[in-house]
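# Results of the structural survey
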Amino acid sequence: MSEASGRILIVDDEKVNRQILVSVLEQYETVVAATGEQALNRINQEPVPELVLLDVIMPGMDGISVCQQLKANPDTANIPVIFITVKDDAEEEERGFAAGAVDYICKPFSPAIVRARVSTHLRLKQQTDLLEHLYQTDPLTGIPNRRAFEMFLARHQEAGSEMALVLMDVDYFKSFNDNYGHAAGDLCLKKVATAMHRVAEDNSGLLARIGGEEFAFAIPEYDLSQARLIAEQLRLAVSGLEIEHHFSTTEPVVTVSAGLAVVTPEHYPNLLEQADKALYRAKEAGRNRVIS
């Protein structure tokens, strides 16, 4: 995304200040709020802003409190906050930076300084988002990697969510690679990931490639029967690709075996182990099936 398309939330209790900032930042998409409470409501609406310009002194909830709430929420913690204030002293700045702000702009503000600082912090935010995306993405398939998967589980464990996990292996993938070549193997994994992603995106969960030919789909707040239906859809999506695999003793096409487990938060450390045991049983039972 280019910086000129950045979305900015402007929070100030004075209408004239809001109007001036909207005018100064006319090249960006802006949304405004007059109070701290309005700001928190606006920031939870889609699309989420990439930057917040936040007045420190407001009636009711002040800017410091708003910033602290944003930083305490994992969904908004990475949104940079620039404080706008009439107080130009070290103690005030220290309070703001301690609350999580990235910069200060003093009133009366210079349009050139506002544009320069907004441009800088939007660019840094977009670069950080890109790096974070690369850090959590499998380079071959383009879906989340094991790191993203583990972070997803950690967040939901902390939130106290029950978790269902579908653990899947591509059947006889070594034979596929050995006989069709690694380029064909890579293409196969891409197609498998794409097919499963189509199923996963219709459900609230995370699909990840967590090993060579191993995939996982973590689904919070699903019970065993619900998760089993999803697991079957994932399995059928792969076999439905009809990718030729004459070196499989299960089917003449690429298939997956799946193990399913559902745990409460206190048993998260055993989740992978339980799903892996179920996956092993699925392989022992003949592959191309789901065992829970």
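Description of the structure in this document. (Residues numbered from 1 in each chain as written. Predicted model: local features only at pLDDT ≥ 70, side-chain atom pairs only at ≥ 80, totals over all residues. Heavy atoms only, no water.)

### Things to note about the packing of helix α3 (residues 63–72) against helix α4 (residues 90–99)
Note the following rule: Axis definition: a line fit to C-alpha positions, over the contact stretch in the case of helices; interaxial angles, taken between N-to-C directions, run 0 to 180 degrees. Helix and strand assignments follow DSSP, with helices taken as H or I runs no shorter than four residues and strands as E runs no shorter than two, numbered in order from the N terminus. Here the angle decides the label: under 35 degrees means roughly parallel, over 145 means roughly antiparallel, 65 to 115 means roughly perpendicular, and every other value means oblique. In this analysis, two residues are considered to be in contact whenever any of their non-hydrogen atoms come within 4.5 Å of each other.
Here α3 crosses α4 at 25°, and the two axes come no closer than 8 Å. Put simply, α3 runs roughly parallel to α4. Taken together, the residues of α4 that come into contact with α3 (itself represented by Ile64, Cys67, Gln68 and Lys71) are Arg95, Gly96 and Ala99.

### Quick notes on the sheet that holds strand β8 (residues 214–220)
Using the following cut-off: By this definition, two strands are paired if DSSP reports at least two bridges between them.
Spatially, five strands are ordered β7-β8-β6-β9-β10 in an open sheet, and the strand pairing comes out mixed. Strands with a single pairing partner mark the edges of an open sheet, and in this sheet they are β7 (206–209) and β10 (290–291). Sheet topology places strand β6 (residues 163–170) next to strand β9 (residues 256–263); eight bridges connect them, and they run antiparallel. Residue pairing in the sheet places Val166 in a bridge with Leu260 of β9. Against the sheet, helix α10 (residues 271–284) engages β6, β8, β9 and β10, with an angle of about 145° to β9.

### Some words on the pattern of salt bridges
Stated precisely, the cut-off is as follows: Take a side-chain nitrogen of Lys or Arg and a carboxyl oxygen of Asp or Glu: if they are within 4 Å of each other, that pair is a salt bridge. Three labels apply to residues, based on accessible area from a 1.4 Å probe with only protein chains included: buried if under 20% of the type maximum, exposed if over 50%, partly exposed otherwise in between.
Under the criterion given, the structure shown has 12 salt bridges. With its nearest N and O atoms 3.3 Å apart, the salt bridge here joins Asp55 to Lys107. Here Lys107 lies in the loop between β5 (103–106) and α5 (111–135) and Asp55 lies in strand β3 (residues 51–55), a separation of 52 residues in the sequence. The pair formed by Asp55 and Lys107 is uniform in burial state, with each residue classed as buried. With its nearest N and O atoms 2.5 Å apart, the salt bridge here joins Lys283 to Asp169. Placement of the pair is Lys283 in helix α10 and Asp169 in strand β6, with a sequence separation of 114 residues. Each member of the salt-bridge network shares a partner with another, and the members are Asp12, Asp55 and Lys107.

### Quick look at unusual backbone geometry
In this chain, Lys107 is followed by Pro108 through a cis amide linkage whose omega measures -5°. By the element assignment, Pro108 lies in the loop between β5 and α5. The backbone phi angle of Tyr172 is positive, close to 50°, even though this residue is not glycine. Tracing the backbone shows Tyr172 in the loop between β6 and α7 (173–180). The exposure class assigned to Tyr172 is partly exposed, which follows from its relative accessible area of 26%. Phi is positive for Arg287, close to 70°, though the residue is something other than glycine. Counting through the fold element by element, Arg287 comes out in the loop between α10 and β10.

### Details of the nonpolar core
In summary, soluble globular proteins display a tendency toward joint burial of nonpolar side chains. Rule in force here: Residues belong to one nonpolar core when they are buried, are Ala, Val, Leu, Ile, Met, Phe, Trp, Tyr or Cys, and are joined through side-chain atoms within 4.5 Å.
Val166, Met168, Phe215 and Phe217 are the most contacted members of the largest nonpolar core, which has 32 residues in total. Of all elements in the fold, only β6, α7, α8 (182–200), β8, α9 (224–239) and β9 reach the threshold of two or more residues within this core. Excluding residues within four positions of it along the chain, Phe217 makes contact with Ala164, Leu165, Val166, Met168, Ala200, Asn203, Gly205, Leu206, Leu207, Ile230 and Leu234. Formed by 22 residues, the second largest nonpolar core is a distinct cluster that contains Val31, Met61, Ile64 and Ala99.

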